Amino acid sequence: MEAAPRNLKILTGITIGLFVLALYMVFIYAPREAVMGDVQRVFYFHVASGWVGAVAFLVTAIAGGVYLAKRDRKWDRVAVASVEIGVVFTFINIASGSIWARPIWNTWWTWDPRLVTATIMLLLYVAYLMLRQGIDDPDRRARFGSVYGIVAFVSVPITFVSIRIFRTIHPVIIGSGDPAAEGAFDMTPRMLQAFMFSLLTFTFIYATLLWYRIRLGRLSEEVEERKMEMMSV
């Protein structure tokens, strides 16, 4: 088994350190929200997970475009690795939102525009992974995946703007929105610092996981190529 590069090990150590510090800032440094109480702390991980999902799907679209232009398989590895991470963190985003919604909205789920568009976005990228599984030819799989990844990215900005253009009870913490939305609150300076640090930490988590997943994809392809070589002898 190929050893992890030194820089990847360093990045892993930094990411672990940032995550530990983020836990401190979220649960100790940031003050308790006056109305919602401790359940508001879910917000820091909820938004950060959604951020990772959006970044991951953006990287997939960019990598898909580069693959179509250069036909270099390494970009397809980047695209599929990023989708897998994005799907996981988008699911965390939706699940953590439900945990927050139960005491605030008195329900685990409501047909709010943000929840609906986020779920559709998640299902689109789950379908992306299923599409790839159904295509045996590697080049054709990469080509179809690249086109799909670019088209599916349209769902990401739609999800982001949904609570800004539709009538919604989902709070808009940053930017304009309905101040009467259930669960809306004003961030104190410490809350804002914890929030921004969570975004930074989750960005590092994404970068670290992406590097590991790309390495795994490359090693898996090498194993498959050696199997084919042995079978052809």
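Here's a quick rundown of the structure. (Residues numbered from 1 in each chain as written. Predicted model: local features only at pLDDT ≥ 70, side-chain atom pairs only at ≥ 80, totals over all residues. Heavy atoms only, no water.)

1. Focus on the nonpolar core
Okay, so step 1: Counting residues in each nonpolar core, the largest one holds 23 residues, and the members touching the most others are Tyr44, Val52, Ile85, Phe89, Phe202 and Tyr206.
Okay, so step 2: With nine residues, the single largest contributor to this core is helix α7 (residues 189-232).
Okay, so step 3: The contact partners of Val52, leaving out residues within four places of it in the chain, are Ile85, Phe89, Phe202, Thr203 and Tyr206.
Okay, so step 4: Grouped together as the second largest cluster of nonpolar side chains are 15 residues, Val78, Ala79, Ile94 and Leu122 included. (Core = buried A, V, L, I, M, F, W, Y, C linked by side-chain atoms within 4.5 Å. Buried < 20%, exposed > 50% of the residue type's maximum accessible area, 1.4 Å probe, protein only. Helix = DSSP H or I, 4+ residues; strand = E, 2+ residues; numbered from the N terminus. Contact = heavy atoms within 4.5 Å.)

2. Some words on the pattern of salt bridges
Okay, so step 1: This structure, assessed with the given rule, holds four salt bridges.
Okay, so step 2: One salt bridge connects Arg32 with Asp38, and the closest N-O pair in it is separated by 3.5 Å.
Okay, so step 3: The exposure class assigned to Arg32 is exposed, which follows from its relative accessible area of 54%.
Okay, so step 4: Here the residues in one salt-bridge network are Arg32, Asp38 and Arg41, joined through shared partners. (Salt bridge = Lys/Arg side-chain N within 4 Å of Asp/Glu carboxyl O.)

3. Here we look at unusual backbone geometry
Okay, so step 1: Unlike most non-glycine residues, Arg71 shows phi in positive territory, near 55 degrees.
Okay, so step 2: Looking at where Arg71 falls in the secondary structure, it is placed in the loop between α2 (42-70) and α3 (73-105).

4. Observations regarding the side chain of His46
Okay, so step 1: Tracing the backbone shows His46 in helix α2.
Okay, so step 2: A polar atom in the side chain of His46 sits 3.1 Å from the side chain of Ser96. (Polar contact = N/O pair within 3.5 Å; in protein donor to acceptor, adjacent residues only side chain to side chain.)

5. Some remarks on the environment of Gly53
Okay, so step 1: Position of Gly53 among the secondary structure elements: in helix α2.
Okay, so step 2: Given the relative accessible area of 0%, Gly53 is considered buried.
Okay, so step 3: Separated by 69 residues in sequence, Gly53 and Leu122 have C-alpha atoms that sit 9.1 Å apart.
Okay, so step 4: Once you skip the residues sitting within four places of it in the chain, Gly53 turns out to touch Gly86, Phe89 and Thr90.

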